[in-house]
Amino acid sequence: MDWQSAMENTEMAAKAASLKADRTVGAVAQLLQTQRQHSSSIRELKLVIESQSAHSEVLRGEMENFLAQPKNTQGSCPWAFLGAFLGGVACGGFLLS
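Residues numbered from 1 in each chain as written. Predicted model: local features only at pLDDT ≥ 70, side-chain atom pairs only at ≥ 80, totals over all residues. Heavy atoms only, no water.

K.L.:
Would you take a moment to explain the overall build of the chain for this structure?
P.N.:
Along the chain, the regular secondary structure elements total two helices and zero strands. Across the 97 residues that make up the chain, the buried fraction comes to 0%. Just so you have it, the chain exposes about 8900 Å², and 67% of that area is on carbon and sulfur atoms. (Helix = DSSP H or I, 4+ residues; strand = E, 2+ residues; numbered from the N terminus. Buried < 20%, exposed > 50% of the residue type's maximum accessible area, 1.4 Å probe, protein only. Areas by Shrake-Rupley, 256 points an atom, 1.4 Å probe, with all protein chains shown as cover.)

Pasting the structure below:
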């Protein structure tokens, strides 16, 4: 057996394996960096969504309260005021005449 040739082949195989391992470690490091960036973005988006959801619930409650109010009381107030005013004018005109 040729020990010199076997050692050279082993050395070349080790260098190739080392190069592949370096590339793999570099790719994994890049993947982890990308994952950190995406995780940070997802956390920020989650906070925004939670904030918008809470605001939406407040607005939904206000809208339900507004819609639950009786419609007649909103429209009757100006008519009651107008009736009282016209009644006062009529009484005042009667008293002055």
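K.L.:
Just checking my understanding: could you explain the pattern of salt bridges for this structure?
P.N.:
Opposite charge on two side chains permits pairing when their charged atoms draw close. Counted according to the given criterion, the structure contains two salt bridges. With its nearest N and O atoms 3.6 Å apart, the salt bridge here joins Lys15 to Glu11. Note that Lys15 and Glu11 are positioned in helix α1 (residues 3–68) at a spacing of four residues, about one turn of the helix. Judged by relative accessible area, which is 56%, Lys15 ranks as exposed. A relative accessible area of 45% means that Glu11 is categorised as partly exposed. Among the ionic pairs, Glu57 bridges to Arg60, the shortest N-O distance being 3.9 Å. Linking Glu57 with Arg60, this pair stays in helix α1, spanning three residues, or about one helical turn. The partly exposed category is assigned to Glu57, whose relative accessible area is 47%. (Salt bridge = Lys/Arg side-chain N within 4 Å of Asp/Glu carboxyl O.)

K.L.:
Can you help me understand a nonpolar patch on the surface in this one?
P.N.:
A cluster of nonpolar side chains, contributed by Leu82, Phe85, Leu86 and Val89, occupies part of the molecular surface with about 370 Å² of accessible area. Tracing the backbone shows Leu86 in helix α2 (residues 71–96). (Patch = residues over 30% accessible without salt bridge, like charges linked within 9 Å, V, L, I, M, F, W, Y side chains within 5 Å.)

Any functional reading would require information beyond the geometric quantities listed.
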